[in-house]
Amino acid sequence: MSAPVFLAAPGSLGADRVVLDGPEGRHAVTVRRLRPGERVDLTDGAGLLAECVVAEVAGKERLVLDVLSRQRQEPPSPRLVVVQALPKGERGELAVETMTEAGVDEIVPWQAARCVTRWRPDRRDKALGRWRSAAREAAKQSRRSRLPEVPDLATTEQVAARLAAAARAVVLHEAATVPLRTVDLPADDEIVVVVGPEGGITDEELERFTAAGAVAVRLGPTVLRTSTAGVAAAAVLLSATGRW
């Protein structure tokens, strides 16, 4: 059985003995019920992973761990970014969770024209926090030492700029004739994929994105939900680039 992974406080993994407290320590003690002698992995979320063993359980939310070894994971290449139009209900967190488990490096929330869900200014921080929490928990479950980035809500103009700067940019579209699996991909730099909302990408959005250099592509003969299309596209691209 693999050792559980927890997020350590920034800068704490340089010491030979580390204290895990706060919400992570509470989860380790009260939920996972870890005891002295058990193996635990700690990560800073930026590529550093410390293999540890529990030395002491100090209270209900505090573990003391001895560091056995450390390893640093270099950033993967090419970097994979998915621009995700806001799905309805809790499907946004589902999309973030599955894409994180697959290995997507950045998930950009996008307010597309036909999005049913709207992140109102007074609730944006809370909604973004749920996406980031989903990414953090999925990263620990999938034993990632690098957390995916989840930046602030993007406008269509900002998405177009991101596409223009990418080494390869694609837009998933049900009417496209180019299969995603046939697109030439870079060996490094950044690949950006746009996933539209339930109602589809508008003609104006598609024109803007293709003008920025993106290629309209299709995944296959079926139409996927917006909450599952991103992870399906990621699987194709991660396999084609050799990251899988």
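The protein goes by Ribosomal RNA small subunit methyltransferase E in an unreviewed UniProt entry, where it is assigned to Thermomonospora echinospora. Taken directly from UniProt, the Sequence similarities (unreviewed entry) text for the protein runs: "Belongs to the RNA methyltransferase RsmE family." According to the UniProt record, the Catalytic activity (unreviewed entry) comment for the protein is "uridine(1498) in 16S rRNA + S-adenosyl-L-methionine = N(3)-methyluridine(1498) in 16S rRNA + S-adenosyl-L-homocysteine + H(+)".

Turning our attention to the pattern of salt bridges. Summed over all chains, the structure comprises 16 salt bridges. Measuring nitrogen to oxygen at the nearest pair gives 3.0 Å for the salt bridge that ties Arg 39 to Asp 41. Looking at Arg 39, the relative accessible area reads 33%, which means it is partly exposed. Across the salt bridge formed by Arg 162 and Glu 190, the nearest N and O atoms sit 3.2 Å from each other. Note that Arg 162 is positioned in helix α4 (residues 156-165) and Glu 190 in strand β9 (residues 190-195), a separation of 28 residues in sequence.

You can see Arg 35 is positioned in the loop between α1 (22-31) and β3 (39-43). Exposure remark for Arg 35: the relative accessible area of 39% places this residue in the partly exposed category. Sequence separation between Arg 35 and Ala 55 is 20 residues, and the spatial gap between their C-alpha atoms is 8.2 Å. Not counting chain neighbours up to four residues away, the residues in contact with Arg 35 comprise Val 29, Val 54 and Val 57.

Here we have 5 strands laid out as an open sheet, ordered β1-β3-β4-β5-β2, and mixed in their pairing. The sheet is open, and its two borders are formed by β1 (5-7) and β2 (17-20), each paired with just one other strand. Each neighbouring strand pair of the sheet contributes to a mean axis angle of 40 degrees, computed without reference to strand direction. Bridging between β2 and strand β5 (residues 63-72) involves 4 bridges; their strand directions are antiparallel. Across the sheet, residue Val 19 finds its bridge partner in β5, namely Val 64.

This part takes up the domain arrangement of the protein. Here the protein is partitioned into domain 1 (5-72) and domain 2 (79-240). When each unit is reduced to the centre of its C-alpha atoms, the spacing between domain 1 and domain 2 is 32 Å. Listed by partner, the interface residues are 12 residues for domain 1 and 7 residues for domain 2. Between domain 1 and domain 2, a total of about 770 Å² is buried, with carbon and sulfur atoms accounting for 52% of that surface. Of all residues in domain 1, Val 5, Leu 7 and Gly 45 give up the largest surface area on contact with domain 2, accounting jointly for 53% of the area buried on that side. Taken together, domain 1 and domain 2 are joined by 2 salt bridges. For Lys 140, the salt bridge goes to Glu 24, with nearest N and O atoms at 2.6 Å. For the pair domain 1 and domain 2, the interface holds 7 residue pairs in polar contact (both at pLDDT 80 or more). It is β1 that provides the largest number of residues to the side of domain 1 that touches domain 2, a total of 3 residues.

Thresholds, definitions, all that
Residue numbers run consecutively from 1 along every chain, following the written order of its sequence. Reporting of local features is limited, given that this is a predicted model, to residues whose pLDDT is at least 70; pairs of side-chain atoms are given and counted only at 80 or more, and all residues count toward the totals for whole chains, interfaces and linings. In computing side-chain values, all of the structure's heavy atoms are included and hydrogens and water are not. UniProt positions are given in the numbering used here, feature names are shortened, and annotations may be inferred rather than shown by experiment. Put simply, a salt bridge is a Lys or Arg side-chain nitrogen that is within 4 Å of an Asp or Glu carboxyl oxygen. Burial classification: accessible surface area is computed with a 1.4 Å probe over protein chains only, and a residue below 20% of its type maximum counts as buried, one above 50% as exposed, and the rest as partly exposed. Numbering of helices and strands runs from the N terminus, with a helix taken as a DSSP run of H or I at least four residues long and a strand as a DSSP run of E at least two residues long. Only heavy atoms matter for contacts: two residues are in contact if any of them lie within 4.5 Å across the pair. Here, strands pair whenever DSSP counts at least two bridges between them. Helix axes are fitted only over the stretch in contact, all axes being lines through C-alpha atoms; the angle between N-to-C directions runs from 0 to 180 degrees. Note: domain ranges come from an automatic or database domain assignment. By definition, the buried area sums, over both parts, the 1.4 Å-probe accessible area that each loses when the two are put together. Contacts described as polar in this section are N or O atom pairs within 3.5 Å, which, within protein, must combine one atom able to donate a hydrogen with one able to accept it, while residues neighboring in sequence count only if both atoms come from side chains.

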